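# Observations on the three-dimensional arrangement
Now for the letters of each chain:
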2 protein chains.
Amino acid sequence: MEVIDGGITSPKGFKAAGVHCGIKKERLDLAMIYSEVPAKCAIAYTQNKVRAAPIEVMMKKDPNTLQAFTINSGNANAITGVQGVYDANQMVSMTAQALGIKDTLVGVASTGVISRFLPMDKISTGIPNAVRSLGKGEEADDTTARAIMTTDTVKKQAACRVTLKDGTVVTIAGMTKGSGMISPAMKVLHATTLTFMVTDAQMSKNFNRRWQDVMDVSFNVISVDGDQSTNDISVFLANGMAGGRPADDDPSFWEGVRYVAQQLAKKIVIDGEGATKLIEVMVRGAKNPVQARSAARAIIASSLVKTAMFGADPNFGRILAALGNSEAEFNLGKVKLVLRSNGDSVTLFEDGTPTMVAGSEVEAKAHQVLSHKKVIIDLDLNNGYSTGEAWGCDLSYDYVKINAMYTT
Amino acid sequence: MEVIDGGITSPKGFKAAGVHCGIKKERLDLAMIYSEVPAKCAIAYTQNKVRAAPIEVMMKKDPNTLQAFTINSGNANAITGVQGVYDANQMVSMTAQALGIKDTLVGVASTGVISRFLPMDKISTGIPNAVRSLGKGEEADDTTARAIMTTDTVKKQAACRVTLKDGTVVTIAGMTKGSGMISPAMKVLHATTLTFMVTDAQMSKNFNRRWQDVMDVSFNVISVDGDQSTNDISVFLANGMAGGRPADDDPSFWEGVRYVAQQLAKKIVIDGEGATKLIEVMVRGAKNPVQARSAARAIIASSLVKTAMFGADPNFGRILAALGNSEAEFNLGKVKLVLRSNGDSVTLFEDGTPTMVAGSEVEAKAHQVLSHKKVIIDLDLNNGYSTGEAWGCDLSYDYVKINAMYTT
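Residues numbered from 1 in each chain as written. Chains lettered and ligands numbered in written order. Predicted model: local features only at pLDDT ≥ 70, side-chain atom pairs only at ≥ 80, totals over all residues.

### Details of the overall build of chain A
- Broken down by element type, chain A carries twelve helices and 15 strands.
- Against the globule reference of 22 Å for 408 residues, chain A gives a C-alpha radius of gyration of 22 Å, in line with a compact fold.
- Based on the C-alpha atoms only, the size of chain A along its principal axes is roughly 70 × 55 × 35 Å.
- A fraction of 81% describes how many contacts in chain A between residues 6 or more apart in sequence connect residues 24 or more apart. (Helix = DSSP H or I, 4+ residues; strand = E, 2+ residues; numbered from the N terminus. Rg over C-alpha atoms; globule rule 2.2 N^0.38 Å. Contact = placed C-beta atoms within 7 Å.)

Shown next, in the form of C-alpha cells:
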C-alpha cells in the first residue's frame, strides 16, 4: 500500500465539484461526486430513529449502483416533515436531469442546521452549476471536500494506492466531514458525519458487510456508543475503471480501504469542536474484547477525563473512576496506567497504588507528557488477553462556545 | 407535611459540627453528625467498581445502627490502596474514642481530590475539635452543611415536619453536597454526592428498601444512567427520640422523606458546575415507564441540548435528535414538543412539522421562554400512557473552566 496525496477524484473515472449556491452566506455549500460509469455501492446509515429526509429517501432506494451523489451543507433537511422528503427527492431529480442520467443512479445527503426547510431556489441553480464545474485533480478535490464542511475547521481527505494480487493497481480515496465533539462528553458522535469513499477497483459481489466491518474499526471507534446524528451516512463507490480481476476478497485492497477510513476518522477527532488534543485510549489485558472496548469507551467519553486532558492535569484518578463505571472486570491491585506521548511515557498507577505524589518528579513528568498534542492513555487490566481502543479529543472552552451559539 | 427552615440538627437528639482542620487551605473541611442515642440506619452506596477507602470500610461494616458519622472534604481517600483503608479505619477509631462510643457505631465518608493520601495528622486534631464543637440549631446546621462542600457554591439542606397517624410529630431533615455537572454531558452524576438525612421518628424494621425507593425518585433522577463516583454514599438515620408508634409504613412519613430528598436533589442540579439554568424534562404518552425514562434521560444528557439551553437557543431539533437516540418508540408525526417557563409556554413541534420558523414570532417567544432560570421541556410522544422525568442543568463555559483546573 502506497499512501498518496490525493482526494475524492484520485481514482480513475471520478470527477467532483464544490460550489457556493447560497445556503451559507459565503462559503461553499454544494458538493457533487460523479463517476463516468455507474459504480457499485455500499452505504451505511445512521441508526437514529429520527431520520433526516435525505436519509429516508436513500434508505427507501437502498441502491446497489449509483453514478452521482449530491451533498449540501448548511441545512440538514432534518425534522422537516413531508416537505423535506419532497425536497430531497427534488434534489435527486434535479441532479439526474442536469447530468442526463436516471434518478435511480443519484444519491443525496445533507448536513447543517436541523428543522429548517431547504432553500430549493438556491439548490436548483446550484446543481447545474456544480455539474458544469465537475473536474479532476487537486482543485476539484479541495473544493468538494470543503463544500461538505459545517463546523469543521479543516477539510478532511485521504487516499492510497494498492497493488492487487493480479498486479492491477487500484486507487482508494475518500473525504469526510464532522467535528462535533466526537466521542465526547455525551458518549456519542453528535455532529453529523458524512463519509464518501471511492475506488476504481472492480467489485463483483455485494460489499455491504465488508463496508460495515471497515466502519467498525474506524468511525465506530470514535462514535462511542453507536448513537448517531439524524443525517449520518457513509458511502463507498467502486466503478471498476482500473480493470483487472475483482478486488472483493483481496486482503491488500481492504487494508487500503481500512487505512483511508481510519485516517479520515482520526481527522474528525483531531478537528473535534474546540479540541486541542488527540487522545487515544488503549486498553490491554481485558477478559474479552467487549470488556476492553467498554473500558476504552468509558474513559474517552468521560467529561472529567477530557477536561483534565485539556488542562494537562494528570488527574489519573478520573481515568480509573471512569474505568470503574465501565463493564470491564478487573482487580484494581493489578491495573497499570501509563500515559505516553511523543516517545515519552510516565507510569501513574501500578500494583494498586498511585506512583504520582503531588509535587513529585513523576508529576512534573506527567505534566510534560500531557503537554503534547497527542496523548495515549495506556491501561493494562492484567486480567486477560483482549485489547480495545477508542479515539477522542479533549473538552475545551471553545466546545461550549461553538455549541451554545450554533444557530443564533 | 409542614416545610420548615431547618437543617441536620432539627430532629430531636441530633447534634452536629463543621470545623476546619487543614485539609483545605481555609474553608471548613471536617463534619460530624451525632445522635444522643444509637440510631437505626439505611445506607445506599456507589455502584462504581472503583470504591474509595471509606466506602470499602462502610460496606464491610454494613451497619444497622450508628450513632455518629464523620465526613471530611478536600480529599476523597479514593484510589489510595491499603494505606487508604487503614486511614479510613483510623477516622472511625478516632471518632469513637473522642465520643466515648464503640467503633461499630461510627460511620465515615470522604469527598474531594482523588488518589492522594489523607493528611491524618490534621484529621487527628480535627476530630476532637469537632466533638467539642457539636451543637444544635442554625449555626451547627450551617457549618456542618458547609464542611462537606467541594465545588459546591452553596450549602444544601432541607427539612420538614410530619404528623404521623398516631399523632406523633416527627422531624425529617437532611443535607447533601455535589455539583459536578449533574445529569450532564457524560450521562452521569460524576462529582461525588454525599447525602445525610436524619429523623427522630421511631423505626421498628429494616428500611433499606424504602430508602432505595426514595433515592429512585430523587437522586437517581439526576444521575442519568446510574454511573456514580467512587465515593457516593447516602445515609438515613432514625433515632426514635420523637417517641410514638413506629413510622415504618406511615405514608405521611415517607412523603416527608421523599420531599426532603427531592429538595436536596434539585439543589444539586441548580448548583451544577457552571450551571445557569434548571432544566426539567417531562416525557408523556410513552409506551411504558422504561421508555419514558429513557427518553427523558437521553434529552437531559445531551450536551447539544444543554449548550443550546445555555445559549437560550431554541434549537429544538437537538431535543428530537436526542429522543431519536433513546430507547423510546414513537411516531415523529405524533410527537408534540412544548417549552415552558415561568407560566409561559411555546409549542415548537407538532404533527410532524416544526411550528417555529427562523425570524418568526414563535422564535421570539421561544427565546423569551428560554431566558428564564427554570425551563421545562414537555414532550408528548402520544404513544401510550406512561410518564417519566429527569432534572438537569445547562452546560456553560464555567463547567469547562471548573473541571480543567480542578487539581492544578
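### A closer look at the domain arrangement of chain A
- Domain boundaries in chain A define domain 1 (2-270) and domain 2 (278-404).
- The centre of domain 1 of chain A, based on its C-alpha atoms, is set 33 Å off from the matching centre of domain 2 of chain A. (Domains from an automatic or database assignment.)

### Some thoughts on the pairing of strand β10 (residues 278-286) of chain A
Residue and element names in this part refer to chain A.
- The element β10 is extensively covered by neighbouring structure, given that seven of its nine residues are classed as buried.
- Here seven bridges tie β10 to strand β14 (residues 374-380), and the two strands are oriented parallel to one another. Across the sheet, residue V281 finds its bridge partner in β14, namely I377.
- Sheet topology note: the β10/strand β15 (residues 386-393) ladder contains seven bridges and is antiparallel. Bridge pairing links V283 to G388 in β15. (Buried ≥ 20, exposed ≤ 12 C-beta atoms within 10 Å, placed from the backbone. Pairing = 2+ DSSP bridges.)

### A closer look at the sheet that holds strand β13 (residues 353-354) of chain A
Residues and elements named next belong to chain A.
- Read from one edge to the other, the open sheet built from six strands follows the order β13-β12-β11-β14-β10-β15, with strand pairing classed as mixed. Every other strand in the sheet has two partners, leaving β13 and β15 as the edge strands with one partner each.
- Those strands touched by helix α7 (residues 251-270) are β10 and β15, and its axis lies near 50° from that of β15.
- Its contacts with the sheet place helix α8 (residues 289-300) against β10, β14 and β15, and it is angled at close to 20° to β15. (Axes fitted to C-alpha atoms, helices over the stretch in contact; angles between N-to-C directions.)

### Quick word on unusual backbone geometry
- In this structure, I79 of chain A is a non-glycine residue whose phi angle is positive, near 55°.
- Topologically, I79 of chain A is positioned in the loop between β4 (65-75) and α2 (81-99).
- Its 27 C-beta neighbours within 10 Å are what place I79 of chain A among the buried residues.
- Here D351 of chain B, not a glycine, exhibits a phi torsion of approximately 55°, which is positive.
- Locating D351 of chain B in the fold gives a position in the loop between β12 (344-350) and β13 (353-354).
- The exposed category is assigned to D351 of chain B, around which 11 C-beta atoms lie within 10 Å.

### Topic: the packing of helix α9 (residues 303-310) of chain B against helix α10 (residues 316-324) of chain B
Residues and elements named next belong to chain B.
- Contact geometry of α9 with α10 gives a least axis separation of 9 Å together with a crossing angle of 160°. In terms of orientation, α9 and α10 fall into the roughly antiparallel class. Relative to α10, the crossing made by α9 is left-handed. Along its contact with α9, which presents L304, V305 and A308, the element α10 presents R318, I319 and A322.
- Residues that form the contact of α9 with α10 fall into these classes: five nonpolar, no polar and one charged. (Parallel < 35°, antiparallel > 145°, perpendicular 65-115°, else oblique. Left-handed = near helix turned anticlockwise from the far one by under 90°. Nonpolar A, V, L, I, M, F, W, Y, C, P; charged D, E, K, R; others polar.)

### Looking at the nonpolar core
- Core analysis: the largest hydrophobic core is formed by 263 residues, its most contacted members being I299 of chain A together with I299 of chain B.
- Setting aside residues no more than four positions away along its own chain, I299 of chain A makes contact with V281, V305, I319, A322, L323 and I377 of chain A. (Core = buried A, V, L, I, M, F, W, Y, C linked by C-beta atoms within 7 Å.)

### Observations regarding the sheet that holds β12 of chain B
Residue and element names in this part refer to chain B.
- With mixed pairing, six strands are arranged side by side in an open sheet as β13-β12-β11-β14-β10-β15. A single partner strand is all that each edge strand has here, and the edge strands are β13 and β15 (386-393).
- As judged from the five bridges shared by strand β11 (residues 336-341) and β12, these two strands associate in the antiparallel manner. In the strand pairing of β12, L337 is matched with F349.

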